[in-house]
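Observations on the model geometry
Next come the chains, spelled out residue by residue.
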Amino acid sequence: MHDDPLDCLVIGGGPAGLTAAIYLARFRRRFQVVDSGASRADLIPTSHNHAGFPDGIHGADLVERMRAQARQYGAPILAGTVIGLERRVDGVFEAWTREDRFTAHTVLLATGVVDREPDLPNLSDAIRCGLMRHCGICDGYEVIGHKVGVIGRGKSGLHEALFLRTYTSDITLLSLGQQLDLSAQELRTAHTAGITLIEEPVVAIAVEGDRIGSMTTRQGVCHTFDTLYSAMGSTARSDLVRGLGTILDENGCVATDEHQRSSTDDLLAAGDVVRSLDQISVAMGEAAIAATAIHNRLRGVAIPASPISEALSFSPEYQGHQK
């Protein structure tokens, strides 16, 4: 246990957590980043829509650049997983990993989300090759004219398929043996858009070079695609704050105001764990706002309060990767 509370504990070492680290270090704050090493950004084969990299950049390379920049300013980054978070009666937060404990006046939650992946054979190979994608906003441009399969069901699956119609007219929505769960109006919408619907289970995937060679259904029918998209959503890593009574939305994401403050005093959140557009650039912007709010809070600058309920009212039709 560190007796003298930190100015801030940053939980998460992805783009949001590392951006906050850069800002806090340059604000000359005493803080600690605890990184579980599970950032979704590490899984990105190549990002082509992140500004400043016209030739694209691998997700892991971007994270490593940000980590090096943070360390250049003396940011302390510890490998570990925070497994508990409490707020003491004196208002100080106490957090612990399996190896250490920390106290801090403020906490920035930047833990992100976990993708819900389809139960498919050879899935890891498809993700590694960039043939299984998760965000049409991020990389829809790269599938212009491709034959695309969207794995999902219900309204979220259909919205993903319709969004990708911006880039290609050859789209199939697959529910992998579950009911598609579409209303009559949604079925008409899919038909009008030319989207093929398949409910049969898939028993095999063959990857051939830079495309999905075939997907074989239980009845032995083979379907070929250039690219697959998962529209099964994600789970927010927000369990740490549930015991604090922090307001979460219906998907478990942390509700925040325009300064990234949660309903729990001195607990802020940034990145995919907050309901917003799931983009690296958005996570970085939210982290910059949060780190500045933390710095101002600690130096005694009053920031006007705004109702968290307003954050819960934001519900766009498409937010990138559906949560």
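These notes cover the structure that comes with them. Quick caveat: nothing in here was measured; it's all calculated off a predicted structure. The written sequence of each chain sets the order in which its residues are numbered from 1. Per-residue local features of the predicted model are confined to residues with pLDDT of at least 70, and side-chain atom pairs are confined, for both listing and counting, to 80 or more; whole-chain, interface and lining totals are unaffected and use all residues. The side-chain quantities take in all heavy atoms of the structure and omit both hydrogens and water.

Next up on the list: the overall build of the protein chain. Secondary structure elements are taken from DSSP: a helix is a run of H or I of four residues or more, a strand is a run of E of two residues or more, and numbering for both begins at the N terminus. Summing up its helical and strand segments, the protein chain has nine helices and 17 strands in all. We compute the radius of gyration over the C-alpha atoms and compare it with the globule rule, which gives 2.2 Å times the number of residues raised to the power 0.38. Relative to the 2.2 N^0.38 estimate, which gives 20 Å for 323 residues, the radius of gyration of the protein chain is 21 Å and therefore close to what a compact globule would have. Once the C-alpha set of the protein chain is aligned to its principal axes, its extents read approximately 65 × 40 × 35 Å. A sequence separation of at least 24 residues applies to 62% of the contacts in the protein chain between residues at least 6 apart. For the area figures, the Shrake-Rupley method with a 1.4 Å probe applies, and any residue is considered shielded solely by the protein chains shown. Accessible surface, the protein chain as shown: approximately 14900 Å² in total, 49% of it carbon and sulfur. Charged residues are defined narrowly, with Lys and Arg counted positive, Asp and Glu counted negative, and His plus the chain ends left uncounted. Where a charge lies is defined by one atom per residue type: Lys uses NZ, Arg uses CZ, Asp uses CG and Glu uses CD. Averaged over its 29 positive side-chain charges, the protein chain has a centre that lies 3 Å from the centre of its 40 negative ones. Residue contacts follow a heavy-atom distance rule, with two residues in contact if any of their heavy atoms lie within 4.5 Å.

Now for the packing of aromatic side chains. Whether two aromatic rings pair depends on their centres lying within 6.5 Å, for rings of Phe, Tyr and Trp, where Trp uses its six-membered ring; planes under 30 degrees apart make the pair stacked, over 60 edge-to-face, and the rest tilted. Applying the stated criterion across every chain yields a total of two aromatic pairs. Each ring, one from Tyr23 and one from Phe27, has its centre 6.3 Å from the other, and the planes form 70°; the classification is edge-to-face. With relative accessibility at 25%, the residue Phe27 sits in the partly exposed group. Over a ring means this: the NZ of a Lys or the CZ of an Arg is within 6 Å of the ring centre and within 35 degrees of the ring normal. Between the NZ or CZ atom of Arg26 and the centre of the ring of Tyr73, over which it lies, the distance is 5.0 Å. In this structure, Arg101 packs its charged tip against the face of Trp96, placed 4.6 Å from the ring centre. Throughout, exposure labels follow a simple rule: accessible area from a 1.4 Å probe, protein chains only, divided by the maximum for the residue type, with under 20% read as buried, over 50% as exposed, and the rest as partly exposed.

The rule for pairing is simple: two strands pair if DSSP sees at least two bridges between them. Here we have five strands laid out as an open sheet, ordered β8-β15-β9-β10-β11, and parallel in their pairing. Pairing within the sheet leaves two strands with one partner each, and these edge strands are β8 (132-133) and β11 (196-198). For strand β9 (residues 147-151) and strand β10 (residues 170-174), the ladder comprises five bridges, and the chain directions are parallel. Opposite Ile151, over in β10, you have Leu174 as the bridge partner. The sheet contacts of helix α5 (residues 154-164) involve β9, β10 and β15 (227-230), and relative to β9 the element is tilted by about 160°. For helices, the fitted axis covers only the stretch in contact; all axes are lines through C-alpha atoms, and the angles between them, taken along N-to-C directions, range from 0 to 180 degrees.

Before going further, it helps to spend a moment on the state of the cysteines. Here, two cysteine sulfur atoms that lie within 2.5 Å of each other are counted as a disulfide. In total, this model carries zero disulfides according to the counting rule given. In this model Cys253 remains outside any disulfide bridge; the closest cysteine sulfur is found in Cys135, 14 Å from its own. Overall, Cys253 belongs to the buried group, its relative accessible area being 1%.

The next point concerns the packing of helix α1 (residues 15-26) against helix α2 (residues 59-72). With their axes 9 Å apart at the nearest point, α1 and α2 run at an angle of 20° to one another. Considering the angle they form, α1 stands roughly parallel to α2. Seen along the crossing, α1 lies across α2 with a hand that is left-handed. Taken together, the residues of α2 that come into contact with α1 (itself represented by Pro15, Leu18, Thr19, Ala21 and Ile22) are Val63, Met66, Arg67, Gln69 and Ala70. Only Asp, Glu, Lys and Arg are considered charged, only Ala, Val, Leu, Ile, Met, Phe, Trp, Tyr, Cys and Pro nonpolar, and every remaining residue, Gly among them, polar. Class assignment for the residues of the contact of α1 with α2 results in seven nonpolar, two polar and one charged. Relative orientations are named as follows: roughly parallel for angles under 35 degrees, roughly antiparallel for angles over 145 degrees, roughly perpendicular for angles from 65 to 115 degrees, and oblique for any other angle. Helix crossings fall into two classes, left-handed where the near helix is turned counterclockwise from the far one by less than a right angle and right-handed where it is turned clockwise.

This part covers helix α8 (residues 280-298). Helix span, expected: 1.5 Å multiplied by one less than the number of residues in the helix. For α8, spanning 19 residues, the distance from its first C-alpha to its last is 27 Å, which sits close to the expected 27 Å at 1.5 Å a residue. Turning to α8, its buried residues are Ile280, Ala283, Glu286, Ala287, Ala288, Ala290, Ala291, Ala293, Ile294, His295 and Asn296. On its buried face, α8 sits against β1 (6-11), α1, α2, β6 (101-109) and β17 (267-269).

Coordinates in, geometry out; function isn't part of it.
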